[in-house]
Amino acid sequence: MNTSLSDKDILLDTVMNTVIDGLIIIDSDGSIQRFNTAAEKIFGYSFDEVRGRNVKMLMPEPYHSEHDGYLHNYARTGDRKIIGIGREVTAQRKDGSTFPMELGVDQMQLEGKTLFVGSIRDISERRQSELTIQNYISQLERSNQELDDFAYIASHDLKEPIRGLSNNAQFLLEDFEETLDESGCARLQRMILLCNRMENLIDDLLYFSRLGRQELAVQDVDLNQVIQDIEVMLEQTLQENNAVLSISQVLPTVFCDLPRITEVFRNLISNAIKYNKNTEKRVTIGYTPIGEDNVFYVRDNGIGIDPRFSTEVFRIFKRLNQEDESVRGTGVGLTFVKKIIERHQGRIWLESEPGKGSTFYFTINTAAV
Ligand code: ADP
């Protein structure tokens, strides 16, 4: 180490060259006084190459040309743009390449002179990762959109031949009923039934793709009113099943798509009654505020769902109770619910104990809709 350096200089050099960030000290004219090891690595210059030169050599245009004016303006008016504030700027390496960096500047007085200390962090990698993530998100959004479009086109085009099959089976049945024996007629009837089922599945697929393609019509929605309307809509089902629907507390007003959110609650409530063998079926609706979010829930005392299927139940056409004709559905309700929640930038999940009941939770990110 240079023996002519004072203890203070040695201390300053040691500290400067230990920190991970780049540090540059300039005087009030912009001339570089110190340049630590990290700055040497970041810019590709040695301290000797920059010593005494103007700091604008590290800046690309237009910052290069603007920097003198900025320093003079600050000296005259004290108007701060970076000092004590920090910001992201573009810098230039020795090889001419540019990179984004985070810059913090502070001012100090040393032996009557004004000096500025700049601390520098190369954020190229962070920027690159952000860009990569953004690219993935865009790709995902695009492929989701393409899937929805594909489902729409495919199901739309499938409808016609199915309808044709069903009609022809119907004609055969009508025109040849006398000629065909009983089992021939039964087969044609079965064909018509399967065609109808296929048509329903295609309609569900069409509706699913529509949920992904159509814009949401958002407005302030009083969820208490939503539940009241559903209660009226399901009055007969509730009575016939000896089911009681209750709200555990006054629900908030949220900014969402009214018909879609009504559909979410209606589906969850219908399932809570449908998959319930209890003599007194209970469905409770409530919410828990967690941070900025409200986590809504629909709880039942029904048959429950084996935790192994807690993700699968949301898959299209997935049903867990195939054997039970009395509650036969098409396995799309929860898929629609999930799609609607995701369109509201929310999340849905469930907790359940088989035999005791299930609770479906969901969030609606109203700010992001
Ligand atoms: P569907 O009711 O038409 O079969 P869903 O998508 O609404 O379709 O539900 C998928 C499956 O998840 C159902 O077939 C059922 O097995 C199960 N399920 C849904 N909700 C409940 C619930 N509250 N309790 C128990 N099982 C449920």
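Everything numeric here is computed off the predicted structure, so don't read it as measured data.

Chemist: Teacher, can you tell me more about the site of the ligand here?
Modeler: As a structural note, the neighbourhood of the ligand is formed by 21 residues, with Asn271, Tyr275, Asn321, Gly331 and Leu334 the closest of them. Asparagine 271 is positioned such that a nitrogen or oxygen atom in its side chain is 2.8 Å from an oxygen atom of the ligand. The contact in question runs from a nitrogen atom of the ligand to an N or O atom on the side chain of aspartate 300, over 2.9 Å. For the ligand, the accessible surface in isolation is 530 Å², of which the surrounding protein chains cover 98%. Elements with a minimum of two residues in the shell around the ligand: helix H9 (258–274), helix H10 (333–343) and strand E12 (357–363). Counting residues per element, the shell around the ligand draws most heavily on H9, which supplies 3 residues. For the shell around the ligand, the class distribution of residues is 9 nonpolar, 8 polar and 4 charged.

Chemist: Looking at this structure, how should I read the environment of arginine 121?
Modeler: As for its position among the elements, arginine 121 is in strand E5 (residues 113–122). Exposure remark for arginine 121: the relative accessible area of 40% places this residue in the partly exposed category. Taking the C-alpha atoms as reference points, arginine 121 and isoleucine 20, separated by 101 residues in sequence, lie 8.6 Å from one another.

Chemist: Sorry if this is basic, but what is going on with the pattern of salt bridges here?
Modeler: Side-chain pairing between opposite charges can occur once the charged atoms of the two side chains come close. Scanning the entire structure with this criterion turns up 18 salt bridges. Here arginine 127 and glutamate 130 are joined by a salt bridge, their closest N and O atoms 3.5 Å apart. With arginine 127 and glutamate 130 both in helix H5 (residues 124–175) and 3 residues apart, this pair spans about one turn of that helix. What makes arginine 127 partly exposed here is its relative accessible area of 33%. Note on glutamate 130: relative accessible area 42%, which makes it partly exposed.

Chemist: Mind showing me how you'd approach the packing of aromatic side chains here?
Modeler: On inspection of all chains with the given rule, the structure shows 9 aromatic pairs. When the centroid spacing of 5.4 Å and the interplanar angle of 65° are considered together, the rings of phenylalanine 265 and phenylalanine 362 count as edge-to-face. With phenylalanine 265 in helix H9 and phenylalanine 362 in strand E12, this residue pair connects regions lying 97 residues apart in the sequence. For the residue pair phenylalanine 265 and phenylalanine 362, the accessibility class agrees, reading buried in each case. These aromatic residues form a ring-pair network of at least three members: Phe265, Tyr287, Phe296 and Phe362. The ring of tyrosine 152 carries the charged tip of arginine 213 above its face, separated from the ring centre by 4.1 Å. If you follow arginine 347 out to its NZ or CZ, it ends over the ring of tryptophan 349, 4.2 Å from the centre.

Chemist: Got a minute to help me understand the packing of H9 against H10 in this structure?
Modeler: Between two packed helices, the angle of one axis relative to the other and the distance separating the axes together describe the packing. The contact between H9 and H10 brings their axes to 9 Å, and the two run at 145°. Between H9 and H10 lies a crossing whose hand is left-handed. Residues Arg260, Ile261, Glu263, Val264, Asn267, Leu268 and Asn271 of H9 form the contact with H10, whose participating residues are Gly333, Leu334, Phe336, Val337, Ile340 and Ile341. Looking at side-chain class alone, the contact of H9 with H10 contains 8 nonpolar, 3 polar and 2 charged residues.

Chemist: Please clarify how the nonpolar core should be interpreted in this entry.
Modeler: The nonpolar side chains of a soluble globular protein tend to be buried with one another. The biggest cluster of nonpolar side chains holds 40 residues, and the ones touching the most others in it are Leu223, Phe265, Ile269 and Phe362. Tallying contributions element by element places H9 first for this core, with 7 residues.

About the cut-offs
Starting from 1, residues in each chain are numbered consecutively following that chain's sequence as written. Two thresholds apply to this predicted model, a pLDDT of at least 70 for residue-level local features and 80 or more for giving and counting side-chain atom pairs, whereas whole-chain, interface and lining totals are computed over all residues. As a rule here, side-chain values come from all non-hydrogen atoms in the structure, and water together with hydrogens is ignored. Proximity is defined per residue: any heavy atom of the residue falling within 4 Å of a molecule or strand makes that residue near it. Identification of polar contacts relies on pairs of N or O atoms within 3.5 Å, with a donor-acceptor requirement for protein atoms, meaning one able to donate a hydrogen and the other able to accept it, and with residues adjacent in sequence counted only if both atoms are side-chain atoms. Accessible areas in this description were obtained via Shrake-Rupley with a 1.4 Å probe; residue shielding takes into account the shown protein chains only. Numbering of helices and strands starts at the N terminus; helices are DSSP runs of H or I of at least 4 residues and strands are runs of E of at least 2. Residue type decides the class: Asp, Glu, Lys and Arg count as charged, Ala, Val, Leu, Ile, Met, Phe, Trp, Tyr, Cys and Pro as nonpolar, and the leftover types, Gly among them, as polar. Summary of the burial criterion: residues with accessible area below 20% of their type's maximum are buried, those above 50% are exposed, and those between are partly exposed, where the area comes from a 1.4 Å probe applied to protein chains only. Salt bridges are defined by distance alone: a side-chain nitrogen of Lys or Arg within 4 Å of a carboxyl oxygen of Asp or Glu. Two rings from Phe, Tyr or Trp (for Trp, the six-membered ring) form a pair when their centres are within 6.5 Å of each other. A pair whose planes differ by under 30 degrees is stacked, one over 60 is edge-to-face, and the rest are tilted. Our definition puts a charge over a ring when NZ of Lys or CZ of Arg is within 6 Å of the ring centre and also within 35 degrees of the ring normal. Lines fitted to C-alpha atoms define the axes here, with helix axes fitted over just the stretch in contact, and angles between the N-to-C directions of these axes take values from 0 to 180 degrees. Crossing handedness is defined as follows: a turn of the near helix away from the far one that is anticlockwise and smaller than a right angle gives a left-handed crossing, while the clockwise case is right-handed. Any pair of residues with heavy atoms lying within 4.5 Å of one another is described as a contacting pair. By convention a nonpolar core is built from buried Ala, Val, Leu, Ile, Met, Phe, Trp, Tyr and Cys residues, the set being connected through side-chain atoms within 4.5 Å.

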